[in-house]
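Now for the letters of each chain:
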Amino acid sequence: MIPMPLARIAEITSGALSGMADPRAVVRGPVVIDSRAVEPGSLFVAIKGARVDGHDFAPQAIKAGAVAVLSTRPLGVPSVVVTDPVRALADLAGAVAESLPSATVIGLTGSAGKTTTKDLLARLTARIGPSIAPAGNHNNEIGHPLTVLRAEHDTRFLVLEMGARHAGHIADLARIAPPRIGVVLNVGTAHLGVFGGKEAIAEAKGELVEALPADGVAVLNADDPLVRRMASRTRARVTLFGHAEDAAIRAEDVAVDERGRASFTLCTPSGGAHVALKLYGAHAVENALAAAAAAYELGLPLATIADELSQAEPRSRWRMEVTDRADGVTVINDAYNANPDSMRAAFETLAVLGKDRRRFAVIASLRELGEESETLNVGVGRMAGAAGLTGLIVVGAEAEPVLRGAFAAAEEPPGQGSPDGPQIVHVADAEAAGELLAGWLRPGDAVLVKGPRMMDLQRTAELVLGRVTQ
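Residues numbered from 1 in each chain as written. Predicted model: local features only at pLDDT ≥ 70, side-chain atom pairs only at ≥ 80, totals over all residues. Heavy atoms only, no water.

Secondary structure summary: the chain contains 17 helices and 22 strands in total. For the chain, the spread of C-alpha atoms along the principal axes amounts to about 75 × 55 × 45 Å. When burial is assessed residue by residue, the chain has 56% of its 470 residues classed as buried. In the chain, once contacts between residues fewer than 6 apart in sequence are set aside, the share between residues at least 24 apart is 64%. For the chain, the exposed area adds up to about 19500 Å²; of that, 50% sits on carbon and sulfur atoms. For the chain, the distance from the average site of its 46 positive side-chain charges to the average site of its 55 negative ones is 3 Å. (Helix = DSSP H or I, 4+ residues; strand = E, 2+ residues; numbered from the N terminus. Buried < 20%, exposed > 50% of the residue type's maximum accessible area, 1.4 Å probe, protein only. Contact = heavy atoms within 4.5 Å. Areas by Shrake-Rupley, 256 points an atom, 1.4 Å probe, with all protein chains shown as cover. Lys, Arg positive; Asp, Glu negative; His and termini not counted. Charge placed at Lys NZ, Arg CZ, Asp CG, Glu CD.)

Here's what the structure looks like:
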């Protein structure tokens, strides 16, 4: 956080000092929404959620060293009282971004792969100068400004992941820290139920390129027609990445090793270089190309880009985490979230990594798919049932369409086994899945754990690995 006195914070947020707050007291530490993350010099933002009200933890935050609390009411502790803490958080982040004229803001969106691409791009920009990027996937109206507020006077790059839960959301985020480079990965079926169709999703994602200045750069996926079409919606210069021949940054000679890691020739206007990813899954090539395209626009040398991409390992938890147990069981923990596209990519990785091995999967029905929910979940079940598995566990109360698809693909009626098809079982929760799976697995097996975040399936993976999930 750039040091800022409470008087200035109150001015920016249209707030009023309360609780004997000293207007000259300076916030120097991080701005946080979790009282447990408070450090000396912090500003604690009290947000009322569905289950927890941050105002209840204000005394704890002050005791831990917070200079003040951003709150909606006087709390008897040093506070800046505002009408809406989330709006005030955005205003504060906007003021910080405006105070950094030499920093380049890179916005990143897409239906899948945002966090992995963000991690790669943050690594690449760090080779040029001090960079800030979200922890995990802080890409909404709270996480986005919190990331911006981590900037300091010497910050040269802000790599900002931008999620869209409704039309206008990305446009709102772009106003906080206006991007100069915008990267759009893909338009998939995530949140299909919220938007009503892929065209509507594309409309929302395209708000990023519309926010770019005339001297900015739109980095677009040449292989996704809905993304490619966004070129007509921006004043900025357009550069394409992908496998298409007209992509300025493209991949050639793609190969995937026995561990599911891709290698390819990174082709650019400056020539080509070999990249061997440590990330799992062929879909990681798209993420690497997007990051490479943005880094190339920033002037990073091709050799440096290729070297950094080849050295990068997964940074964010529960996204294609591959762990080998001592007995040779391989666990693919991709349980952070799921949509039809990412589910397909995960099963493709399992097929490669689990070749000539017994393979298992733990999945759950997908959410936020609207009117297409039943059809798409049956499709997920068919995908799993036809994946050559020894066993499939479907978790949760809304599993019927997935089970129906899985049994149909395995050519066996519900409730009956087949010596040639997978054993298909429905369980109530992640813990039950972990217990059942632990009994099935033998040395050398491979297992995929994949599902919506709300199903807590990362706990299944941790149970199988003998760890405790916090």
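Moving on to helix α8 (residues 198-205). By the burial criterion, the buried members of α8 are Ile201, Ala202, Ala204 and Lys205. Projected down its long axis, α8 carries its buried residues within an arc of 160 degrees, all on one side. (Arc of directions from axis to C-beta.)

This brings us to the layout of surface pockets. Counted as a void, the second largest pocket has a volume near 280 Å³. In terms of lining residues, the second largest pocket is bounded by Pro30, Val31, Val32, Ile33, Asp34, Arg36, Ala37, Ala135, His138, Leu146, Thr147 and Arg150. Contributing elements (two or more residues each) for the lining of the second largest pocket: β4 (31-32) and α5 (143-148). The class makeup of the residues in the lining of the second largest pocket is seven nonpolar, two polar and three charged. (1 Å grid on protein atoms, 1.4 Å probe; cavity = no way out; pocket = protein on both sides within 12 Å on 5 of 7 lines; lining within 4 Å. Points joined across faces, edges and corners; volume = space filled by probe spheres on them. Nonpolar A, V, L, I, M, F, W, Y, C, P; charged D, E, K, R; others polar.)

It is worth spelling out the sheet that holds β4 at this point. Strand order across the open sheet formed by five strands is β2-β7-β6-β5-β4, with mixed pairing between neighbours. Bordering the open sheet on either side are β2 (16-18) and β4, each of which pairs with just one other strand. Relative to strand β7 (residues 79-81), strand β6 (residues 68-71) runs parallel, the two sharing three bridges. From the neighbouring strand, Leu70 faces β7, where its bridge partner is Val80. On the sheet, helix α1 (residues 6-13) packs against β2, β5 (43-45), β6 and β7 and is oriented at approximately 15 degrees with respect to β7. Against the sheet, helix α3 (residues 85-98) touches β4, β5 and β6, its axis set at about 120 degrees to β6. (Pairing = 2+ DSSP bridges. Axes fitted to C-alpha atoms, helices over the stretch in contact; angles between N-to-C directions.)

This paragraph deals with the nonpolar core. Core analysis: the largest hydrophobic core is formed by 62 residues, its most contacted members being Leu6, Ile9, Val31, Leu149, Leu220 and Met230. Broken down by element, this core gets its largest block of residues, eight residues, from α3. If near-sequence neighbours (up to four positions away) are discounted, Leu149 is found in contact with Met1, Val31, Leu89, Leu92, Ala93 and Val96. Val217, Ala273, Leu289 and Leu302 belong to the second largest nonpolar core, which has 40 residues in total. (Core = buried A, V, L, I, M, F, W, Y, C linked by side-chain atoms within 4.5 Å.)

Mapping Ala93 onto the fold places it in helix α3. Residue classification places Ala93 among the buried residues on the basis of a relative accessible area of 0%. Linking Ala93 and His144, residues 51 residues apart in sequence, is a C-alpha distance of 8.8 Å.

A word on the pairing of strand β16 (residues 271-280). Sheet topology places strand β15 (residues 261-268) next to β16; seven bridges connect them, and they run antiparallel. Paired with Phe264 across the bridge in β16 is Val275. Between β15 and β16, which pair antiparallel and follow one another directly, the connecting turn spans two residues.

In the Ramachandran plot, Ser14 falls in the positive-phi region, its phi being about 55 degrees despite a non-glycine side chain. Note that Ser14 resides in the loop between α1 and β2. Under the relative-accessibility criterion, Ser14 is labelled exposed at 66%. Phi at Asp253 takes a positive value of approximately 55 degrees, unusual for a residue other than glycine. The topology assignment puts Asp253 in strand β14 (residues 249-256).

Let us look at the pattern of salt bridges. Enumeration over the complete set of coordinates arrives at 26 salt bridges. We note a salt bridge from Glu252 to Arg250, for which the minimum N-O separation is 3.0 Å. Through salt bridges with shared partners, one network takes in Arg123, Arg127 and Glu308. (Salt bridge = Lys/Arg side-chain N within 4 Å of Asp/Glu carboxyl O.)

The subject of this paragraph is the environment of Ser102. Structurally, the position occupied by Ser102 is in the loop between α3 and β8 (104-109). According to the relative accessible area criterion, Ser102 is exposed, its value standing at 59%. With 155 residues separating them along the chain, Ser102 and Asp257 place their C-alpha atoms 42 Å apart.

Attention now moves to the confidence of the model for the chain. Of all residues in the chain, 95% have pLDDT values of 70 or greater, and the mean over the chain is 92. Below a pLDDT of 50 lies the segment residues 413-419, which in the model reaches five contacts outside its immediate sequence neighbourhood of four places, other chains included. (pLDDT = per-residue confidence, 0-100.)

For the rest of this paragraph, the subject is the sheet that holds strand β21 (residues 423-427). With mixed pairing, six strands are arranged side by side in an open sheet as β17-β18-β22-β19-β20-β21. The two strands at the open ends of the sheet, each matched to only one other strand, are β17 (321-324) and β21. Across the sheet, the mean angle separating the axes of adjacent strands is 15 degrees when strand polarity is ignored. As paired elements, β17 and strand β18 (residues 330-333) share four bridges and run antiparallel to each other. Bridging across to β18, Val322 finds its partner in Ile332. Sheet contacts for helix α15 (residues 400-409): β19 (359-364), β20 (391-395) and β21; angle to β21, the most-contacted strand, approximately 175 degrees. Strands in contact with helix α16 (residues 430-440) are β19, β20, β21 and β22 (446-450); relative to β20, the strand with the most contacts, it is inclined by about 170 degrees.

Here the distance between the centres and the angle between the planes together describe a pair of aromatic rings. Counting across every chain of the model gives one aromatic pair. For the ring pair Phe360 and Trp440, a centre distance of 5.8 Å and an interplane angle of 35 degrees mean the geometry is tilted. With Phe360 in strand β19 and Trp440 in helix α16, this residue pair connects regions lying 80 residues apart in the sequence. Relative accessible area serves as the criterion here: at 2%, Phe360 is assigned to the buried category. Trp440 gets classed as buried once you look at its relative accessible area, which sits at 14%. Over the ring of Tyr336 we find Arg319; its NZ or CZ atom is 3.7 Å from the centre of that ring. (Phe/Tyr/Trp six-rings, centres within 6.5 Å; stacked < 30°, edge-to-face > 60°. Lys NZ or Arg CZ within 6 Å of the ring centre and 35° of its normal.)

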